[in-house]
Amino acid sequence: MAAPVAQIPRRRFACYDYESQLARDSSSLLPVPTLETERLILRSFRAQDVDVMAQLFANPDFMRFSLGVFTERKQTIAFIDKVMGWDGVGIPSQFAVVPRDEDALIGYCGFFYHPEHQIEDIEIGYRLHPDYWNRGLITEAARAVRDHGFGDWKLSRVISLIHPENIPSRRVAEKNGMQVEKEITFRGFPTLVFGMTREQWLAKYGAR
Ligand SMILES: CC(C)(COP(=O)(O)OP(=O)(O)OC[C@H]1O[C@@H](n2cnc3c(N)ncnc32)[C@H](O)[C@@H]1OP(=O)(O)O)[C@@H](O)C(=O)NCCC(=O)NCCS
């Protein structure tokens, strides 16, 4: 169910040489790593995740500050196709969030692209099953994703796009070491751009 490459935004991102990555011989692609934190496993998405993710995408709390819940299964299939397609061509992608001590899939955390909105930076984006909120889990996941982005992908910069009223997400970005850079309109809504450069990451957290 891997996405055709045509679905992947084809352009050079300010922080990452996307075209060169896409042009690489696929035999040279590294397998997608699994990231591990104290309480979480962040693994790549699989076709078998559709059922659980469809339930999450239909949940209005999980979908707070989005364009709305998914009402059709094909929307979840498109999401999973998209991120598996990114994995398949070896570009920074989304991770399924799995608690270490449970056989469950409770959300996502990883990278998104928005070239259709003239945003050239790669976003760290996340959503979590509401039963697991306010335990510091997505902060843990976002830090691992940030370090993966700067440490493994050598990104020059990452951002998070957050509605000003989304206090929990703002806190996650702050705890992830990001700072508000500006306010823009994104998908018709006021949106804070939280950002962090590679230099800021190195200064705060050191080389990894
Ligand atoms: C945003 C989201 C992923 C955060 O996940 P989480 O695992 O609960 O986040 P954490 O526990 O790591 O951190 C949440 C922080 O927000 C704080 N918080 C939560 N609700 C709050 C409120 N109403 N007022 C003030 N602070 C609040 C928590 O106290 C915590 O901060 P602290 O560690 O300083 O106490 C989760 O709320 C979610 O999935 N929301 C719906 C989807 C969404 O908004 N995604 C982001 C789109 S930009």
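For the structure, check the block above.
Below, the structure is looked at part by part.

Criteria and thresholds
Residues numbered from 1 in each chain as written. Predicted model: local features only at pLDDT ≥ 70, side-chain atom pairs only at ≥ 80, totals over all residues. Heavy atoms only, no water. Core = buried A, V, L, I, M, F, W, Y, C linked by side-chain atoms within 4.5 Å. Buried < 20%, exposed > 50% of the residue type's maximum accessible area, 1.4 Å probe, protein only. Helix = DSSP H or I, 4+ residues; strand = E, 2+ residues; numbered from the N terminus. Contact = heavy atoms within 4.5 Å. Pairing = 2+ DSSP bridges. Salt bridge = Lys/Arg side-chain N within 4 Å of Asp/Glu carboxyl O. Lys, Arg positive; Asp, Glu negative; His and termini not counted. Polar contact = N/O pair within 3.5 Å; in protein donor to acceptor, adjacent residues only side chain to side chain. Phe/Tyr/Trp six-rings, centres within 6.5 Å; stacked < 30°, edge-to-face > 60°. Arc of directions from axis to C-beta.

**Digging into the nonpolar core**
One finds Leu42, Phe45, Met53 and Tyr126 to be the most contacted residues of the largest nonpolar core, which totals 49 residues. A total of seven residues in this core trace back to one element, the largest contributor, which is helix 4 (residues 137-151). Residue contacts for Leu42: discarding those within four places in its chain leaves Pro33, Thr34, Leu35, Phe95, Ala96, Val97, Ala141, Ala144 and Val145. Grouped together as the second largest cluster of nonpolar side chains are five residues, Ile119, Ile159, Leu161 and Phe186 included.

**Remarks on the sheet that holds strand 4 (residues 107-114)**
Read across the open sheet, the eight strands follow the order 1-2-3-4-5-6-8-7; overall the sheet is mixed. If you trace the sheet from one side to the other, it starts and ends with strand 1 (35-36) and strand 7 (179-186), each paired once. Relative to strand 8 (residues 189-197), strand 6 (residues 157-162) runs antiparallel, the two sharing six bridges. Considered in strand 8, the bridge of Ile159 is made with Gly195.

**A short note on the pattern of salt bridges**
One pass over the structure, following the stated rule, counts nine salt bridges. In this structure, Asp49 and Arg43 form a salt bridge, with 2.9 Å as the shortest nitrogen-oxygen distance. Take Asp49 and Arg43: they sit in the same class, and that class is buried. Between Arg73 and Asp51 there is a salt bridge; the shortest N-O distance is 2.7 Å.

**So, the side chain of Glu123**
Tracing the backbone through its elements, the reader meets Glu123 in strand 5 (residues 119-128). Here Glu123 occupies a buried position and makes no salt bridge, while the nearest side chain of opposite charge, Arg187, is found at 6.4 Å. At a separation of 3.0 Å, a polar atom in the side chain of Glu123 contacts the main-chain amide nitrogen of Leu161. Excluding its chain neighbours within four sequence positions, the residues that come into contact with Glu123 are Gly110, Phe111, Phe112, His114, Ile159, Ser160 and Leu161.

**Here we look at the packing of aromatic side chains**
Tallied over the entire structure, the rule returns twelve aromatic pairs. Taking 5.7 Å as the distance between ring centres and 90° as the angle between the ring planes, the aromatic pair formed by Phe45 and Phe79 counts as edge-to-face. Taken together, the positions of Phe45 in the loop between strand 2 (40-43) and helix 2 (50-57) and Phe79 in helix 3 (residues 73-89) put the pair 34 residues apart, joining distant regions of the chain. You can call Phe79 buried: its relative accessible area is 6%. Seen from their ring centres, Phe79 and Tyr108 are 5.2 Å apart, and the 35° between their planes marks the pair as tilted.

**A word on helix 2**
Taken together, the buried positions of helix 2 are Val50, Met53, Ala54, Leu56 and Phe57. The buried residues of helix 2 occupy an angular sector of 160° when projected down its axis, which confines them to one face. Each element contacted by the buried residues of helix 2 is listed here: helix 3 and strand 4.

**Side note on the pairing of strand 4**
Taking burial as the measure, the eight residues of strand 4 include eight buried ones, the bulk of the element. With seven bridges connecting them, strand 4 and strand 5 associate as antiparallel partners. Paired with Gly110 across the strands is Gly125, a residue of strand 5. Following strand 4, the chain reverses through four residues before pairing antiparallel with strand 5; Gln118 in that reversal takes a positive phi of roughly 55°.

So yeah, pure geometry; function would need other evidence.
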